[in-house]
Amino acid sequence: MASSTPPQPMQEIDEAFRARCDVIYEAWFQGGGDFRAAVESLMTLENEALIDAHYAHQGLVENVIGMMYGYRADLDQSIRYFSRARDMFERANNPTQVVRAVMNLGETYRQKGDFPRARQFFRTAYEQAGLLNVPATQAFAAANEGHLLLSMKQYDRARERFEKALELAPSVEKVLSQLEVKTDAIQGMAKVHLQVGENSAAWKCAVESMGLSQQSQQPLMLGCAYRTMGEVLTALGHTPSGTPAADPNAPDPAATNEHLGDPDMYFQLSIEMFREINAEGEIARTVHMQGMSLLTRGQNMTASRKFYQAMLLFTKLGMKDDANKAAQAQMQAQAR
């Protein structure tokens, strides 16, 4: 009778090892660390895990590096690391971590403009995370799919995904992750509201997003909040009544009301935040959105230059869908 190979015992991620990774990642994420030095420090940790044949720890490092490359919009590298993370977690027989890597792969393919593949990853991650009772992964997968549906102009379905992400957010244990998924979903809701003409609701979302992001004081979250505020103010064309009072002691330059109604100030603040962590993809998106704002305000030539700049950035980063949209927008601006 043939003997069968016993199943590989599941490897968990030790909290001490996770904490060491988090210290490196969060120092970079908050704008206080050099990218290359951070990656090298993480690779040192992976070498330790390699010696110990600890696949789950190797997968964690690969996943974190994949996230860092994703924020810089080096999408091919990001996919490479997320794929390796998934493989390592499978070797570790750790399904919870596998679905997180799958969700991250979906987000990277979304940024590349491969929507069918991205949606397949998101649906798989959401469903498997539900079976495994991992609400954090479910929440992020729902929010990411919402942004995908928003790009596909399926606004009702996008709204449902953002609402699901907000419903799941309180179950996310890590405070920073909960803030991140809430602001991401609220910003997505703001965009849905704008697309269907619900400008007052969009303003409320933009204000809430700003407040949550200011709690984090993290460049990525603040940059997205500033950009959302710029988009909403462009649509409104004025500063709504009931604007939160200025806090003279706040470190945030946008807390003063002097330029509160100026979309360009918010777009510039957004770009400055993203530059702190070299988030090139987000910089490109903000430049493109500022071009759309300028076009709405009748500044066609300046808008055309912004679209051209965004197109070059998107092309360099391999973000084909976004590059095509920027090129089409430039032609529209030049035709006016």
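Residues numbered from 1 in each chain as written. Predicted model: local features only at pLDDT ≥ 70, side-chain atom pairs only at ≥ 80, totals over all residues. Heavy atoms only, no water.

1. Some points on the overall build of the protein chain
When helices and strands are counted, the protein chain shows 15 helices and 0 strands. A compact globule built from 336 residues would reach a C-alpha radius of gyration of about 20 Å, and the protein chain, at 21 Å, matches this within 12%. Each principal axis of the C-alpha atoms in the protein chain carries an extent, and together these give about 80 × 45 × 35 Å. Residues counted as buried form 53% of the 336 residues belonging to the protein chain. Nonlocal contacts in the protein chain, meaning residues at least 24 apart in sequence, comprise 61% of its contacts between residues at least 6 apart. The averaged location of the 40 negative side-chain charges in the protein chain is 6 Å from the averaged location of its 33 positive side-chain charges. (Helix = DSSP H or I, 4+ residues; strand = E, 2+ residues; numbered from the N terminus. Rg over C-alpha atoms; globule rule 2.2 N^0.38 Å. Buried < 20%, exposed > 50% of the residue type's maximum accessible area, 1.4 Å probe, protein only. Contact = heavy atoms within 4.5 Å. Lys, Arg positive; Asp, Glu negative; His and termini not counted. Charge placed at Lys NZ, Arg CZ, Asp CG, Glu CD.)

2. Side note on the packing of aromatic side chains
Per the stated rule, a full pass over the model turns up 7 aromatic pairs. Between Tyr25 and Trp28, the ring centres sit 6.3 Å apart and the planes meet at 45°, which makes this aromatic pair tilted. Highlighted residues: Tyr25 and Trp28, both in helix H1 (residues 15–29), separated by 3 residues, approximately one helical turn. There is no split in this pair, since Tyr25 and Trp28 are both buried. Here the aromatic rings of Phe35 and Tyr69 are separated by 5.1 Å at their centres, their planes lie at 80°, and the arrangement is edge-to-face. Of the two residues, Phe35 sits in helix H2 (residues 35–51) while Tyr69 sits in helix H3 (residues 55–71), which places them 34 residues apart along the sequence. What makes Phe35 buried here is its relative accessible area of 7%. Site record: aromatic cluster; members linked through ring pairs are Tyr25, Trp28, Phe35, Tyr69, Tyr71 and Tyr81. (Phe/Tyr/Trp six-rings, centres within 6.5 Å; stacked < 30°, edge-to-face > 60°.)

3. Concerning the environment of Lys191
Position of Lys191 among the secondary structure elements: in helix H9 (residues 175–195). Not counting residues within four places of it along the chain, the set of residues in contact with Lys191 comprises Leu150 and Glu231.

4. Let's talk about the environment of Gln215
Along the chain, the position of Gln215 falls in helix H10 (residues 199–216). Here the alpha-carbon distance between Gln215 and Leu179, two residues 36 residues apart in the chain, equals 8.5 Å.

5. Some words on the packing of H1 against H2
Between H1 and H2, whose axes approach to 9 Å, the crossing angle comes to 170°. Between H1 and H2, the angle is such that the two are roughly antiparallel. Here H1 contributes Phe17, Arg20, Cys21, Ile24 and Trp28 to the contact with H2, which in turn contributes Phe35, Ala38, Ser41, Leu42, Leu45, Glu48 and Ala49. Of the residues in the contact of H1 with H2, the class split is 9 nonpolar, 1 polar and 2 charged. (Axes fitted to C-alpha atoms, helices over the stretch in contact; angles between N-to-C directions. Parallel < 35°, antiparallel > 145°, perpendicular 65-115°, else oblique. Nonpolar A, V, L, I, M, F, W, Y, C, P; charged D, E, K, R; others polar.)

6. Brief notes about the pattern of salt bridges
Per the counting criterion, the structure on display carries 20 salt bridges. A salt bridge links Glu160 to Arg161, with the nearest nitrogen and oxygen atoms 2.9 Å apart. Taking relative accessible area as the criterion, Glu160 reaches 37% and is therefore assigned partly exposed. Among the residues examined, Arg161 registers a relative accessible area of 6% and is labelled buried. One salt bridge in this structure joins Arg227 and Glu282, with 2.9 Å as the shortest N-O distance. Of the two residues, Arg227 sits in helix H11 (residues 219–236) while Glu282 sits in helix H13 (residues 280–296), which places them 55 residues apart along the sequence. There is no split in this pair, since Arg227 and Glu282 are both buried. By sharing partners, the salt bridges in this structure join Arg119, Arg123, Glu145, Glu160 and Arg161 into a single network. (Salt bridge = Lys/Arg side-chain N within 4 Å of Asp/Glu carboxyl O.)

7. Let's talk about the side chain of Gln11
Counting through the fold element by element, Gln11 comes out in the segment before H1. One polar contact links the side chain of Gln11 to the main-chain amide nitrogen of Ala56, over a distance of 3.2 Å. Sequence-distant contacts of Gln11, defined by excluding residues within four places in its chain, comprise Ala53, His54, Tyr55, Ala56, Ala92 and Asn94. (Polar contact = N/O pair within 3.5 Å; in protein donor to acceptor, adjacent residues only side chain to side chain.)

8. Comments concerning the nonpolar core
Counting residues in hydrophobic clusters, the biggest one holds 85 residues, and the most contacted among them are Trp28, Leu42 and Met68. Top contributing element to this core by residue count: H3, with 9 residues. Excluding residues within four positions of it along the chain, Trp28 makes contact with Gly33, Asp34, Phe35, Ala38, Met68, Tyr71, Arg72 and Ile277. Ala206, Met210, Met229 and Met265 belong to the second largest nonpolar core, which has 15 residues in total. (Core = buried A, V, L, I, M, F, W, Y, C linked by side-chain atoms within 4.5 Å.)

9. What to know about the confidence of the model for the protein chain
Detailed reading of the predicted model is not advised wherever pLDDT is low. Per-residue pLDDT for the protein chain averages 88, and the proportion of residues at 70 or more is 91%. Considering each helix and strand of the protein chain separately, the mean pLDDT is smallest for helix H15 (residues 320–335), with a value of 87, and largest for helix H8 (residues 155–168), with 97. A low-confidence stretch, residues 245–259 (pLDDT under 50), is modelled with 20 contacts involving residues beyond four sequence positions or located in other chains. (pLDDT = per-residue confidence, 0-100.)

10. What to know about unusual backbone geometry
Positive phi outside glycine occurs at Asn133, with the angle close to 60°. Secondary-structure assignment places Asn133 in the loop between helix H6 (115–132) and helix H7 (135–151). Owing to a relative accessible area of 67%, Asn133 belongs among the exposed residues under this scheme. For Gln217, which is not a glycine, the phi torsion comes out positive at approximately 55°. Considering the arrangement of structural elements, one finds Gln217 in the loop between H10 and H11.

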